[in-house]
Each structure stands twice: as C-alpha cells, then as structure tokens.
Amino acid sequence: MLFEVRSVNGRFLDLTLRLPDEMRHLEPALREAVARHVRRGKVELKVSLQAGEAVSTLGVSDAVLRQLDQWQSEVLAALPNARTLSVQEALHWSRQLQGSVRWRDESVMDVAAAVLRQLAEARRREGERLVAALQERIAQLRSLAARAEPMVPALVQKQQQRFLERWRDALAQAGASADTGSAQERALAEAAAHALRIDVAEELTRLRAHLDEIEAQLHKGGELGKRLDFLIQELHREANTLGSKSTALELSTLGVDMKVLIEQMREQVQNIE
C-alpha cells in the first residue's frame, strides 16, 4: 500500500482523492483527515496497491466464497423467495470482503494520519521561509517609506509655489483688474487646496500601519492567509494612490519600487494558510 500526497498553492481547499475500489468507503473519513491538517491549497491524496498486493486482491478466495454460500443459505432459509447471487454479484462481494479483510480501516487511517502529519510539517517549514521572505520585504518597504517621507513637505511647498506663479502669470496675461488683495487671497486658497491633493503623507502613514498589522499577524501565527490577502490589497491601494498623487520623479520611482515589493508579497501570501 502506497500513499502519495501533493499540495500546491490555492486560496481555498481543493481536495482530490484517488483510491482503489477496496478503499472507496474510506473517502469521507480521509477527506475529514485532510481538512484537519490543511485549510488552503490544491491537495491530491493518492492511495495505490503495490504490484503483489493488487494481484492478490484480484483472485477469488475459496474461504470467502464458502462464507458467501453460507450466508446465502441462511438468507434463503429465512426468505425462500429471495433470489440467489449471480456470478457477477458473487465476484463483487468476494472482492469486497477480501479487501475488507486485507485492508483494515484503522491501519489505513493510521498511515494516512502519519502521511498528513509529514505534509503539515513540510508546510510548516515552508511557512517559516515565507515569513522570513515577507519580513525582508516589509523592511524594504519601511526603508522606501522613510526615504519618501522627508521629500513630501518640500515637494508640496515647491508645487504650491509653482501654482502661485502660474496663477499670477494667468492673471497678468488676462489683464485682470481685480483687487490685488482678493486675488492673492483666492490664489492662496487654491494653492492650499492643490497642496492637499498632492500631499501623500497620509498614504505613507496608512502604509506603515498596514505593515505593522502584517508583522503583528505574522508573529501571532495561526490561519493568516485571508487576513494577509486583505492587508496586501490595502498596501496596493496606498502605493497606487501615492504614485497617482506624486508630482516628482523621485517620489514616483519610490512608488513603483513599493508596488514591485508589494506584488512579490502578494505572491508569497498565496502560499500561506
């Protein structure tokens, strides 16, 4: 008897069982056993018989046939109108009985439990490597955010000044004769509104908050996949907003670098249960 189990990435549990006919009745129990060890991913569990074992189950045992004959006699004695077994039915039930004698349910489930424990241990080791990779990218994102933060006030001030200069140029070209004080006040109000639209300090703050939460979840352990999926989406949102609001090449470049790292994290998170 040979057990093989394989698993690949997946957001949900997708289980495929490949069992010999003699073990079909164990499918519900095996599904429950897999679900106790695995929550996400595409899992294939295959049980096959060795060459000698498969041949031995194909023959018909005289002892099993005699047992069937005895049971049939007892049934006919109690139910005279019942029909006798056909050859096909006798072969079917003899093989079922041989399988049930040869393959004890408890031994099959014990082997399955041992195999699934090995799978869980392998997935645990892989999870530790994934956590290390995620923490490395979190550190890189924090570094990029730290580089971007000092740029924000200067860039906002620079864009505000540029807006005021364009406002004055537009008034001069139009030959506006409005009161200089009111025009200046209107220009300052518009410049302040423009500054709010391009200020990315809030996005950087939220990005760091999401990184803090991801690290907290990684330290907490347990079933993290769906929670991390959501947090990665939020990171994408902040990085995209930062890029769209940026008016400087340096900040736009940092935003692109952030999105590359976040995409790498998203791919890794798909492997975490």
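Residues numbered from 1 in each chain as written. Predicted model: local features only at pLDDT ≥ 70, side-chain atom pairs only at ≥ 80, totals over all residues. Heavy atoms only, no water.

Asker: What should I look at first to understand the overall build of the chain in this one?
Answerer: When helices and strands are tallied, the chain shows 10 helices and three strands. Starting at the N terminus and ending at the C terminus, the chain contains elements arranged as β-β-α-β-α-α-α-α-α-α-α-α-α. Within the span of the chain, comprising 273 residues, buried residues form 32% of the whole. The long-range share in the chain, meaning contacts at least 24 apart out of those at least 6 apart in sequence, stands at 82%. (Helix = DSSP H or I, 4+ residues; strand = E, 2+ residues; numbered from the N terminus. Buried < 20%, exposed > 50% of the residue type's maximum accessible area, 1.4 Å probe, protein only. Contact = heavy atoms within 4.5 Å.)

Asker: Any chance you could explain the packing of helix α1 (residues 27-37) against helix α5 (residues 105-148) here in plain terms?
Answerer: In a packed pair of helices, the relevant descriptors are the angle between the two axes and the axis-to-axis distance. Where α1 contacts α5, the axes come no closer than 10 Å and their chain directions differ by 25 degrees. Here α5 runs roughly parallel to α1, going by the angle between their axes. Judged by the twist between their axes, the crossing of α1 over α5 is right-handed. On the side of α1, the interface is formed by A29, L30, A33, V34 and H37, while α5 contributes M109, A112, L116, R117 and A120. Within the contact of α1 with α5, the residues separate by chemical class into eight nonpolar, one polar and one charged. (Axes fitted to C-alpha atoms, helices over the stretch in contact; angles between N-to-C directions. Parallel < 35°, antiparallel > 145°, perpendicular 65-115°, else oblique. Left-handed = near helix turned anticlockwise from the far one by under 90°. Nonpolar A, V, L, I, M, F, W, Y, C, P; charged D, E, K, R; others polar.)

Asker: Looking at this structure, I do not really get the packing of helix α9 (residues 225-245) against helix α10 (residues 249-269). What am I missing?
Answerer: For the pair α9 and α10, the least separation of the axes is 9 Å and the interaxial angle reads 165 degrees. The pairing of α9 with α10 is recorded here as roughly antiparallel in orientation. Once α9 is placed against α10, the crossing between them reads as left-handed. Counted together, G225, L228, D229, I232, L235, H236, A239, N240 and L242 of α9 and L251, G255, M258, K259, I262, E263, M265, R266 and V269 of α10 form the full contact between these two elements.

Asker: Help me out: how do you make sense of the confidence of the model for the chain in this one?
Answerer: When pLDDT drops low, the exact placement of atoms in the prediction is not to be read closely. Averaged over the chain, the pLDDT score is 77; the fraction of residues at 70 or greater is 71%. When the elements of the chain are averaged for pLDDT, helix α2 (residues 51-58) gives the smallest value, 46, and α1 the largest, 88. (pLDDT = per-residue confidence, 0-100.)

Asker: Mind showing me how you'd approach the pairing of strand β2 (residues 13-18) here?
Answerer: Working note: regular strand, side chains alternate between the two faces of the sheet. Two elements, β2 and strand β3 (residues 41-48), share six bridges in a ladder whose sense is parallel. Within β3, the residue paired with L17 across the bridge is L45. For the crossover that starts at β2, traverses α1 and ends in the parallel β3, the hand is left-handed. (Pairing = 2+ DSSP bridges. Right-handed = clockwise from strand over helix to strand, strands pointing away.)

Asker: I'm lost on the sheet that holds β3 in this one. Help?
Answerer: Two orientations exist for strands paired in a sheet by backbone hydrogen bonds: parallel and antiparallel. Overall, mixed pairing links the three strands, which are arranged β1-β3-β2 in an open sheet. Strands with a single pairing partner mark the edges of an open sheet, and in this sheet they are β1 (2-8) and β2. For this sheet the average axis-to-axis angle between neighbouring strands, irrespective of direction, equals 10 degrees. With seven bridges joining them, β1 and β3 adopt antiparallel strand pairing. Counterpart to E4 in the pairing with β3 is K46. Where α1 meets the sheet, its contacts fall on β2 and β3, and the angle it forms with β2 comes to roughly 140 degrees.

Asker: Please explain the side chain of H236 as it appears in this structure.
Answerer: Structurally, H236 is set in helix α9. In this structure H236 touches K259, I262, E263 and R266, once residues within four positions along its chain are discounted.

Asker: Explain α1 here, please?
Answerer: Each α-helix turn comprises 3.6 residues. Residues three or four places apart therefore point the same way. Every buried residue belonging to α1 is among L30, A33 and V34, and all of these are buried. Looking down the long axis of α1, one finds its buried residues gathered within 95 degrees of arc, a one-sided arrangement. Summarising the geometry of α1, the exposed residues directed more than 90 degrees from the buried face are P28, E32 and R36. Looking at the buried residues of α1, the elements they touch are β2, β3 and α5. (Arc of directions from axis to C-beta.)

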